[in-house]
Amino acid sequence: MRRGLAAVELVALGACAPASASPTVRTVAIGIHYSAFSLDTIDVEPGETVRFVVTNTDPIDHEFIIGDRAVQIAHELGTEAFHPPRPGEITIPAGETVSTAFTFGGGDLLFGCHLPGHYVYGMRGTIEVA
Ligand SMILES: [Cu+2]
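Residues numbered from 1 in each chain as written. Predicted model: local features only at pLDDT ≥ 70, side-chain atom pairs only at ≥ 80, totals over all residues. Heavy atoms only, no water.

Visitor: Explanation requested: the sheet that holds strand S9 (residues 124-129) in the structure shown.
Guide: Where strands meet in a sheet, backbone hydrogen bonds hold them as pairs that are either parallel or antiparallel. Pairing in this open sheet of 5 strands is mixed, and the strands run S3-S9-S8-S5-S6 from one edge to the other. Strand pairing shows two members of the sheet lacking a second neighbour, strand S3 (41-44) and strand S6 (89-92), which therefore form its edges. On average, each strand axis in the sheet is inclined to that of its neighbour by 15°, with strand direction left out of account. Bridge count between S3 and S9: 4 bridges; the pairing is parallel. What sits directly across from Asp-43, in S9, is Glu-128. Helix H2 (residues 69-77) contacts strand S5 (62-67), S6 and strand S8 (109-112) of the sheet and is inclined by roughly 150° relative to S5. (Pairing = 2+ DSSP bridges. Helix = DSSP H or I, 4+ residues; strand = E, 2+ residues; numbered from the N terminus. Axes fitted to C-alpha atoms, helices over the stretch in contact; angles between N-to-C directions. Contact = heavy atoms within 4.5 Å.)

Visitor: Hey, could you run me through the coordination of the copper ion in this one?
Guide: For a metal with four donors in a tetrahedral arrangement, the ideal angle between donors is 109.5 degrees, while six donors in an octahedron ideally sit at 90 or 180 degrees. Every protein donor of the copper ion is accounted for by His-62 (ND1), Cys-113 (SG), His-118 (ND1) and Met-123 (SD), and the metal-donor separations fall at 2.0 to 2.6 Å. In primary-sequence terms, the residues that donate to the copper ion follow H-x50-C-x4-H-x4-M. Placement of the pair is His-62 in strand S5 and Met-123 in the loop between helix H3 (118-121) and S9, with a sequence separation of 61 residues. A relative accessible area of 0% places His-62 in the buried class. On the basis of relative accessible area, Met-123 is assigned to the buried category, the value being 0%. (Donors = N, O, S within 2.8 Å, 3.2 Å for Na, K, Ca; no water. Buried < 20%, exposed > 50% of the residue type's maximum accessible area, 1.4 Å probe, protein only.)

Set out below in structure tokens:
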């Protein structure tokens, strides 16, 4: 009797495992052309993981940095001497496509490129988390 219950529990656990191990990840494609992002607002759900596929068709490199105001300011001021690889922070070399996955919390965020002058020029947008 006890062995039978354990088997049922194992089957139940097995049935749950795949759902939690591979949550659905939405892909959002973003283009960069003439130093402008193709989107200026991105809507996501709280807790959602989104894979951003960013294609840069310009002859110069660009960045796609996700973060709050503090993150954007830190990158704009260039106070980070070294950029460790982080989710939501990528450089897209000229003519290339780079992707990054980012899991959102509950608050709105910003995205932008912080090559000199680009953010101020308009290479930025908002991510509305709701
Ligand atoms: Cu740029």
